[in-house]
Amino acid sequence: ADIGLGKQLPAVVARRLLKRAETAPEAKGKAAQVVIRGTEGMAVQLASCCRPIPGDAIVGSMKKGQGLVVHNADCRQIERSRRNEPDQWIDVEWDPAGSRMYQAAIKVMVANRRGVLAKVASEIAESGSNIDSISMDEDRAVFTNMHFVLEVQNRQHLARVMRALRRLPDVQKISRVRE
């Protein structure tokens, strides 16, 4: 019934049934894994609360009208749901051949000086990333917090961008924002 209503993926149900049929001790207690390979015929959305990118541990849940919604495994928004309804969540993994760009949010604390935004934006571009959006905190005393949403290929690409930004003398602190 859940498959017909779109609440469960047929592949997930089949894997769960196979796991129950197996009597091997290592199969018990292990969640089903699905590889996201374009997910033929299925709508897949990346959650905007935690912005998962390739390299992150991820989980998915079927949502009515949305398809498979993918979150970081440690997303705070889904903690209660994963605890109370564990059978609604499945472990998924990234397609290793994926080459699209994903959104990742970072916060950069910089010295409040003339031209620092241009330096940071230039370094992001030189690192092979694109800026989707930027905002800055209202309080701009000695330091300013800049909030960026960047396009990156995976965690390694994001790490390269963050390392390049750390080398700028005006950057005091940088961190990835997941919530």
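The coordinates are above.
Residues numbered from 1 in each chain as written. Predicted model: local features only at pLDDT ≥ 70, side-chain atom pairs only at ≥ 80, totals over all residues. Heavy atoms only, no water.

Enquirer: Explain the environment of Val 161 to me, using residue names and the numbers behind them.
Expert: Along the chain, Val 161 falls in helix 5 (residues 155-166). Spatially, the C-alpha atom of Val 161 lies 5.5 Å from that of Ser 127, the residues being 34 residues apart in sequence. Contacts of Val 161, omitting those with residues within four sequence positions, involve Ile 124, Ser 127, Ser 129 and Leu 150. (Helix = DSSP H or I, 4+ residues; strand = E, 2+ residues; numbered from the N terminus. Contact = heavy atoms within 4.5 Å.)

Enquirer: I'd like a description of the pattern of salt bridges, backed by residues and values.
Expert: Counted by the stated rule, this structure contains 5 salt bridges. When the shortest N-O distance is used, the salt bridge between Arg 113 and Asp 170 registers 2.4 Å. Placement of Arg 113 in the loop between strand 6 (102-111) and helix 4 (116-126) and of Asp 170 in the loop between helix 5 and strand 9 (171-177) is noted, with a sequence separation of 57 residues between them. By relative accessible area, Arg 113 is classed as exposed at 51%. Sharing partners across several salt bridges, the network here consists of Asp 56, Arg 155 and Arg 176. (Salt bridge = Lys/Arg side-chain N within 4 Å of Asp/Glu carboxyl O. Buried < 20%, exposed > 50% of the residue type's maximum accessible area, 1.4 Å probe, protein only.)

Enquirer: Can you lay out the nonpolar core for me, pointing to particular residues and giving the numbers?
Expert: Counting residues in each nonpolar core, the largest one holds 29 residues, and the members touching the most others are Ile 106, Val 108, Val 120, Phe 148 and Leu 165. Every element with two or more residues in this core is listed here: strand 3 (58-63), strand 4 (67-72), strand 5 (89-94), strand 6, helix 4, strand 8 (143-152), helix 5 and strand 9. Of the residues forming this core, the biggest block, 5 residues, is contributed by strand 6. The contact partners of Ile 106, leaving out residues within four places of it in the chain, are Met 146, His 147, Phe 148, Leu 150, Leu 158, Met 162, Leu 165, Ile 174, Ser 175, Arg 176 and Val 177. Counting residues in hydrophobic clusters, the runner-up holds 7 residues, among them Cys 50, Val 69, Cys 75 and Trp 89. (Core = buried A, V, L, I, M, F, W, Y, C linked by side-chain atoms within 4.5 Å.)

Enquirer: Just give me the short version of empty space enclosed by the protein, but keep the residues and values in it.
Expert: Inspection of the entire model under this criterion finds 1 cavity of 30 Å³ or more. Taken as a whole, the largest cavity holds about 50 Å³ of empty space. Every residue lining the largest cavity is counted, 13 residues in all, and those nearest its centre are Gln 8, Ser 61, Met 62, Gln 88 and Ile 90. Sorting the residues of the lining of the largest cavity by element identifies helix 2 (10-21), strand 3 and strand 5 as the ones contributing at least two each. The element that contributes the greatest number of residues to the lining of the largest cavity is strand 3, accounting for 3 residues. Of the residues contributing to the lining of the largest cavity, the split by class is 6 nonpolar, 4 polar and 3 charged. (1 Å grid on protein atoms, 1.4 Å probe; cavity = no way out; pocket = protein on both sides within 12 Å on 5 of 7 lines; lining within 4 Å. Points joined across faces, edges and corners; volume = space filled by probe spheres on them. Nonpolar A, V, L, I, M, F, W, Y, C, P; charged D, E, K, R; others polar.)

Enquirer: Can you break down the environment of Asp 132 residue by residue, with the values?
Expert: Along the chain, Asp 132 turns up in strand 7 (residues 130-136). In this structure the side chain of Asp 132 is engaged in a polar contact, spanning 2.7 Å, whose partner is the side chain of Gln 103. (Polar contact = N/O pair within 3.5 Å; in protein donor to acceptor, adjacent residues only side chain to side chain.)

Enquirer: Lay out the pairing of strand 4 with the relevant residues and their values.
Expert: Within strand 4, 6 of the 6 residues are buried, which leaves the element mostly enclosed by the surrounding structure. Where strand 2 (residues 44-46) meets strand 4, 3 bridges bridge the pair, whose relative direction is parallel. Residue pairing in the sheet places Leu 46 in a bridge with Val 70 of strand 4. Two elements, strand 3 and strand 4, share 6 bridges in a ladder whose sense is antiparallel. Each residue of the ladder has a partner; that of Lys 63, found in strand 4, is Gly 67. The antiparallel pairing of strand 3 with strand 4 creates a hairpin that spans 3 residues between the two strands, and Gly 65 there sits at a positive phi of about 80°. (Pairing = 2+ DSSP bridges.)

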